[in-house]
Amino acid sequence: MTVVLLTALGVGGASVIGGILGFIFKKTTHKFSDIVLSFASGVMLAAAVIGLILPSIDYGGKYGLVVTVAGVFCGALCVNLIDKLVPHLHKLTGVEMESHPKKQDQLNKVLLFVIAIAIHNLPEGIAAGVGFGTGNTTEALTIAGGIALQNIPEGMVIIAPMLAGGISNKRAFLIAVATGVVEVIGTLIGYFAVSVSTAILPFALAFAGGTMLYVISDEMIPETHSHGAERGATYSLLAGFCLMLVFDVLLG
């Protein structure tokens, strides 16, 4: 339990670290952000497949494949439902670049952007917590590490829009912390869910994998391929994916 709690704090703390970096590097270029986010996408992609989806098939027994496919689609549909309630992140990440918006309108869009990230952090946190259900701590930490890596650039991009919207430094930092707390809660929910009943483990693993695949495909890749750095972003994703493959072989 101690490892899980520390992992939850680490995953959530990554958003805070990203927020601190956002204060330091307020003028980070889109190209740099896209490269970092793409690398995180590759790490998360490998973690979703190797650490969640394939183990789901193994733990599912006779109907493992059916349960896994159902879980993946249920996870994706869950995040899709969330997207119906909040805007897509890639539609809002450029809010600070709009030309002379009214102050209140700009602030509303910024807060909507932050809320969208916070809500999306919940299924990511659940995915990190569910990973511990397999009993393979190394694999679970790898999954959590991939999610945490993705949280750093995500935490960075929310700072500049908030400051531009007139939010004070202190309040912007507290909001960044709040987005991390959501991830901590999600991690604990995922862990306790599979701890209460191991029977749901195969479905829970696939569900978590589906949420990660959806976020990667629907949010992260479009965002990293919309500012002219597509080639670098693609190779960065491959580098992150292959790095996770190497870790899996060396630590497996």
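See the structure above.
Residues numbered from 1 in each chain as written. Predicted model: local features only at pLDDT ≥ 70, side-chain atom pairs only at ≥ 80, totals over all residues. Heavy atoms only, no water.

Novice: Could you give me a rundown of the overall build of the protein, with the residues and numbers involved?
Specialist: If you tally the helices and strands in the protein, you get 9 helices and 0 strands. In sequence order, the protein lays out its α and β elements as α-α-α-α-α-α-α-α-α. In the protein, once contacts between residues fewer than 6 apart in sequence are set aside, the share between residues at least 24 apart is 86%. For the protein, the exposed area adds up to about 11,700 Å²; of that, 71% sits on carbon and sulfur atoms. (Helix = DSSP H or I, 4+ residues; strand = E, 2+ residues; numbered from the N terminus. Contact = heavy atoms within 4.5 Å. Areas by Shrake-Rupley, 256 points an atom, 1.4 Å probe, with all protein chains shown as cover.)

Novice: Go over helix H8 (residues 201-224), please, and point to the residues and values.
Specialist: Residues lying three or four places apart along an α-helix face the same way, a consequence of the helix completing one turn every 3.6 residues. With 24 residues, H8 should reach 34 Å at 1.5 Å per residue; the first-to-last C-alpha distance of 33 Å fits that figure. Remark: the principal bend of H8, roughly 35 degrees, maps to Ile 216. Burial of H8 is extensive: 17 of the 24 residues sit out of reach of the surface. (Expected span 1.5 Å × (residues − 1). Bend = angle between axes of the 7 residues up to and from the residue. Buried < 20%, exposed > 50% of the residue type's maximum accessible area, 1.4 Å probe, protein only.)

Novice: Would you mind going over the side chain of Thr 179 in detail, with residue names and values included?
Specialist: One can find Thr 179 in helix H7 (residues 169-196). Since its relative accessible area comes to 4%, Thr 179 is described here as buried.

Novice: Residues and numbers for helix H1 (residues 2-24), please.
Specialist: Taking 1.5 Å of rise per residue, 23 residues should cover 33 Å, and H1 covers 32 Å from first to last C-alpha, within 8% of that figure. The largest bend in H1 comes to about 25 degrees, at Gly 13. For H1, every residue scored as buried is listed here: Val 4, Thr 7, Ala 8, Val 11, Gly 12, Ala 14, Ser 15, Val 16, Gly 18, Gly 19 and Gly 22.

Don't take any of this as a statement about function, it's just geometry.
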